[in-house]
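Structural overview
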Amino acid sequence: MSKPKIIAYYLPQFHQIAENDTWWGKGFTEWTNVGNAKSLFKGHTQPRVPADLGYYDLMNPKTRSEQAEMAKDAGISGFLYWHYWFGNGKRILEKPFNEVLNSGKPDFPFSLGWANHSWNDTSWKSDAKKSGNKFLLEQTYPGKEDYELHFKTMLPAFKDPRYIKVDGKPLFVVYDPCALPSGKEFIDVWQKLAKKNGLNGFHFVGRDNSGKEHQNILNMGFDAVNTNGQWNAESSVKGKYLRILNVKIKERFPNMLLDVYNYKDIIKNFFTANDRKSNYYPIIIPQWDRSPRAGKKAVIYKKSTPNLFKKHLKDAITIVKDKPKEQQIIFLKSWNEWGEGNYIEPDLLNGRKYLDILKEELNK
């Protein structure tokens, strides 16, 4: 059995930008929410405190280098950097990746994911009481010319020798493929431009965020689906109709704490039969707790432990082991989503245990 590729989502939010200063106050980064998080029930561990890397700034090349060394040692195959393109050339949080690209450091494989979603005043805000749900940046799709501009802007990254490929094609993930007005047009435009610019086409992967859109994603022309078992697992644990009722109650009473699950129950119901198909790439989640961003609106998986993550990882490895070598891909959600309690970087609670488990299991 060959070693599967573990590709870790990577959030570029941990540095100061003018927009965040304007919206949420001078110096705001994701660490602001992380540090202000509160324990909401007995046994709820918040705030989470980073250990080895501290409250880092991603504009510091030493931090980026240390992250890559840590990930490489654990057996992670590369980072998937989320990037933002709101249409008409509007970008945000692009500086850390630009530094990685322009400097050539760290020498660690990467790919890109288009986080094609709007930002509103609930996107990064931890105080649920004051949310007005107003657009800050709206995701737009101006059409073919904008797709061409998007491709041209990112072309230096696609040509970088560090870029992760599947069957010789650059791997590119779309966060919400079903939001594209014409996913087929986007794919057609980029595939033609790729070949025109000396690339062997793209290996397009669309995320299925609801667990229900996988066939639609493939029908658009995506090569593979990045499955996310969270909604299905939560529905299985709580019951589909109660899960839907919880959502409706939260809309009316946002400060009711309703969505708390045992991590053990979630991972038991996480994977489906589709995950075994060669063009379906499963996700693994070390832990999940969005309360730093969302307060009592959050979905929280309590009692997550490194040993339970080991079981979750073993299940994922078993699922992909019989796939063709190039399709033995598992996405790790995430390397550093601290505001979602969804990270594998060392903290004061568990140290490097999650990374050690990855290393141990991948080396078997």
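Before any of the text, the structure's been laid out above.
Let me begin by describing the structure that accompanies this report. (Residues numbered from 1 in each chain as written. Predicted model: local features only at pLDDT ≥ 70, side-chain atom pairs only at ≥ 80, totals over all residues. Heavy atoms only, no water.)

What follows covers the pairing of strand β4 (residues 110-114). Side-chain positions along a regular strand alternate between the two faces of the sheet. The buried count for β4 comes to 5 of 5 residues, which makes it a mostly enclosed element. Here β4 shows no split at all, with F110, L112 and W114 on one side and S111 and G113 on the other all buried. Bridge analysis of strand β2 (residues 78-85) against β4 gives 5 bridges, and the strand direction is parallel. Counted as the bridge partner of Y81 is L112 from β4. When β4 meets strand β8 (residues 169-174), the two strands line up parallel, connected through 3 bridges. Counterpart to G113 in the pairing with β8 is V173. (Buried < 20%, exposed > 50% of the residue type's maximum accessible area, 1.4 Å probe, protein only. Helix = DSSP H or I, 4+ residues; strand = E, 2+ residues; numbered from the N terminus. Pairing = 2+ DSSP bridges.)

Summarising burial for β2: 8 of the 8 residues are buried, a large majority. Alternating positions in β2 separate into two faces, G78, L80, W82 and Y84 on one and F79, Y81, H83 and W85 on the other, with burial throughout. Summarising the sheet, strand β1 (residues 5-10) and β2 pair through 4 bridges and their orientation is parallel. Residue pairing across strands places Y9 opposite L80, the latter belonging to β2. Of the pairings in the sheet, the one linking β2 to strand β3 (residues 91-92) comprises 2 bridges and is antiparallel in character. Within β3, the residue paired with Y84 across the bridge is I92. The hairpin formed by β2 and β3 contains 5 residues between the paired strands, and G87 there has a positive phi angle of roughly 105°.

Turning next to the pattern of salt bridges. For the coordinates displayed, the defined rule picks out 19 salt bridges. Of the charged contacts, one joins R290 and E340 as a salt bridge, the two residues approaching to 3.7 Å between their closest N and O atoms. Placement of the pair is R290 in the loop between β14 (288-289) and α11 (291-294) and E340 in the loop between β17 (336-337) and β18 (342-343), with a sequence separation of 50 residues. Linking E337 and R293 is a salt bridge whose minimum nitrogen-to-oxygen distance equals 2.6 Å. One end of the pair, E337, is in strand β17; the other, R293, is in helix α11, and 44 residues separate them in sequence. Judged by its relative accessible area of 9%, E337 is buried. One network of salt bridges, in which partners are shared, links E30, R290, R293, E337 and E340. (Salt bridge = Lys/Arg side-chain N within 4 Å of Asp/Glu carboxyl O.)

Taken residue by residue, helix α13 (residues 353-362) has Y354, L355, I357, L358, E361 and L362 as its buried positions. Projected down its long axis, α13 carries its buried residues within an arc of 160°, all on one side. The elements touched by buried residues of α13 are β1, α3 (61-74), α12 (306-320) and β16 (329-332). (Arc of directions from axis to C-beta. Contact = heavy atoms within 4.5 Å.)

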